[in-house]
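Listed here are the chains, written in short residue letters.
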Amino acid sequence: MIQETVADRIRAVGNEAVTAALKENKLKLVRHTPSNRITRNDLLYDNRKLELFTSEQTRNIFLNVRYVFCFLAEEDVTCGFLKAYEVCGLLNKDEFADKFPTVSYNPNYFYYNLITLSDFDDYWNRLVISWGNSARSWHQRKLDKEVFCMRPRGYIRDMPRWNRITLDFLELRTLFLHSSSNPMWKDYLSNHDGVYLIRHKATNKMYVGSAYGDEGGIWGRWNGYVDTHHNNNKGIQNFLLTDENSINDFTFSLLEVFPKGATKAIVISAESFHKDRLGTRDFGLNRN
């Protein structure tokens, strides 16, 4: 059986200009690794951060490169597709300021003018390839890398243990939009009640809430935040009045879980304990 390669997947899209560049060896693969500077979810869900992270380089690594295909480093040697760009030369200082007005220009760096190739967006977080044994070589022209798998559309990631769950809001929204692609998440969260934590990363403001009774478990309660952003919680509602987009800085995690059908008294008692422990009534977003 002939193993499918990333080059095969690129050709399959049918973009003639990209296919020509592939034949001319003017296409490069980039393997981005999350760090303290940029997180996994920054790379997956924030297109501006991904573009800047790819554009800004200490060396002229995209010289004679027409197209760049970005991947996100995962377990072992696999990596998932993020986005494809056309390289349209270098940005001068003024052009950089127009494109990234909140970022300082460094004259010692190379800044590439990257234009998104939307033809390949269907591969986002779906096309997984094996980078091979050359993990240190994070940018390569080698296009015979094997396709590891094609995930379903809307897949976010494998579900960890409940006490390791942390979902950014954009990731949570993707989870609910594509629940059929993430069945383990839906099954677990629907069949458990519990106490959860919502934290605003920029300010560290926190809210402790709970799910119990016939509300679809934690899944049903979190769906309310996707629909309304505040789920009728006054503290969060008032917080978002100053900047509705700050919802994207919220993370969702679990503090305690119970099998579905736990009594209201048990769950509320646990919720009150965590509110006191974290001080969310005095310094956070809880109003009771």
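Structure first, text after, so check above.
In this text, all values refer to a predicted model and were calculated from it rather than measured experimentally.

Bringing the overall build of the chain into the picture now. Counting its regular elements, the chain contains 10 helices and 12 strands. By principal-axis analysis of the C-alpha atoms, the chain measures approximately 70 × 50 × 30 Å. Expressed as a percentage of the 288 residues in the chain, the buried residues total 49%. Surface summary for the chain: the accessible area is close to 14900 Å², and the carbon and sulfur share equals 48%. Across the chain, the mean location of the 38 positive side-chain charges is 3 Å away from that of the 35 negative side-chain charges.

Bringing helix 9 (residues 234-241) into the picture now. For an α-helix, 3.6 residues make a turn, and residues three or four places apart therefore share a direction. Of the residues making up helix 9, those classed as buried are Gly235, Ile236, Phe239 and Leu240. Buried positions in helix 9, seen along its axis, are confined to an arc of 125° and lie on one side of it. Among the exposed residues of helix 9, those pointing more than 90 degrees away from its buried face are Lys234 and Leu241.

So, on to the packing of aromatic side chains. Overall, the coordinates contain 17 aromatic pairs when judged by the stated rule. Note on Phe71 and Phe81: the rings are 5.5 Å apart at their centroids and 75° apart in plane angle, and the pair reads as edge-to-face. Here Phe71, found in strand 3 (residues 67-73), pairs with Phe81, found in strand 4 (residues 78-90); they are 10 residues apart in sequence, far enough to count as distant. Taken as a pair, Phe71 and Phe81 share a single burial class, namely buried. Taken together, a centroid distance of 5.3 Å and an interplanar angle of 45° make the contact between Phe96 and Phe100 tilted. No difference in accessibility class separates Phe96 from Phe100, as the two residues are buried. Among the aromatic side chains, those forming a connected cluster through ring pairs are Phe69, Phe71, Phe81, Phe120 and Tyr123. Seen from the ring of Trp131, Lys145 lies directly overhead, with NZ or CZ sitting 4.4 Å from the centre.

Further remarks concern unusual backbone geometry. Here the phi dihedral of Asn125 falls at roughly 55°; this positive angle occurs in a residue that is not glycine. With respect to the helices and strands, the residue Asn125 is situated in the loop between strand 5 (110-116) and strand 6 (127-130). In this structure, Asn231 takes a positive phi of about 55° despite not being glycine. Residue placement: Asn231 occurs in the loop between helix 8 (217-228) and helix 9. Overall, Asn231 belongs to the buried group, its relative accessible area being 19%.

A few words now on the side chain of Gln57. Its place among the elements puts Gln57 in strand 2 (residues 56-57). Residues in contact with Gln57, not counting those within four places in the same chain, are Phe62, Tyr109, Phe110, Tyr112 and Trp138.

It is worth spelling out the packing of helix 7 (residues 183-190) against helix 8 at this point. In the contact formed by helix 7 and helix 8, the axes pass within 4 Å of each other and the chain directions differ by 105°. In terms of orientation, helix 7 and helix 8 fall into the roughly perpendicular class. Here Trp185, Lys186, Leu189 and Ser190 of helix 7 lie close against helix 8, whose contacting residues are Gly217, Ile218, Trp219 and Trp222. Looking at side-chain class alone, the contact of helix 7 with helix 8 contains 5 nonpolar, 2 polar and 1 charged residues.

On to the pairing of strand 6, then. The two faces of a sheet get side chains in turn, since along a regular strand they alternate between them. Pairing of strand 4 with strand 6 involves 3 bridges; the strand directions are antiparallel. Each bridged residue has a counterpart across the sheet, and for Gly80 the counterpart in strand 6 is Val128. Bridge analysis of strand 6 against strand 8 (residues 147-150) gives 3 bridges, and the strand direction is antiparallel. Looking at the pairing, Ile129 lines up with Val147 of strand 8.

Thresholds applied
- Just so you know, the residues in each chain are numbered from 1, in the order the chain's sequence is written.
- Totals for whole chains, interfaces and linings use every residue, but because this is a predicted model, local features are given only for residues with pLDDT of at least 70 and side-chain atom pairs only at 80 or more, for both listing and counting.
- As a convention, hydrogens and water are excluded, and side-chain values are obtained from all of the structure's heavy atoms.
- The secondary structure listing takes helices from DSSP runs of H or I that are at least 4 residues long and strands from runs of E that are at least 2 residues long, numbered from the N terminus.
- Relative accessible area decides the class of each residue, using a 1.4 Å probe on protein chains only: under 20% of the type maximum gives buried, over 50% gives exposed, and in between gives partly exposed.
- Note that accessible areas follow from Shrake-Rupley with a 1.4 Å probe, and for residues the cover is restricted to the protein chains shown.
- Under the counting rule used here, the positive set is Lys and Arg, the negative set is Asp and Glu, and His together with the chain ends is not counted.
- Charge coordinates come from a single atom per side chain, which is NZ of Lys, CZ of Arg, CG of Asp or CD of Glu.
- Working definition: the arc comes from the directions between the helix axis and the C-beta atoms, pointing outward to the latter.
- Stacked, edge-to-face and tilted labels apply to pairs of Phe, Tyr and Trp rings (six-membered ring for Trp) whose centres lie within 6.5 Å, assigned for plane angles under 30 degrees, over 60, and everything in between, in that order.
- Charge-over-ring placement is defined geometrically: NZ (Lys) or CZ (Arg) within 6 Å of the ring centre, and within 35 degrees of the ring normal.
- In this analysis, two residues are considered to be in contact whenever any of their non-hydrogen atoms come within 4.5 Å of each other.
- The angle between two axes is taken between their N-to-C directions and runs from 0 to 180 degrees, where each axis is a line fitted to C-alpha atoms and a helix contributes only its stretch in contact.
- By the definition adopted for this analysis, an angle is roughly parallel if under 35 degrees, roughly antiparallel if over 145, roughly perpendicular if from 65 to 115, and oblique otherwise.
- Classification convention: Asp, Glu, Lys, Arg as charged; Ala, Val, Leu, Ile, Met, Phe, Trp, Tyr, Cys, Pro as nonpolar; all other residues, Gly among them, as polar.
- Paired strands, as defined in this entry, are two strands with at least two bridges between them according to DSSP.

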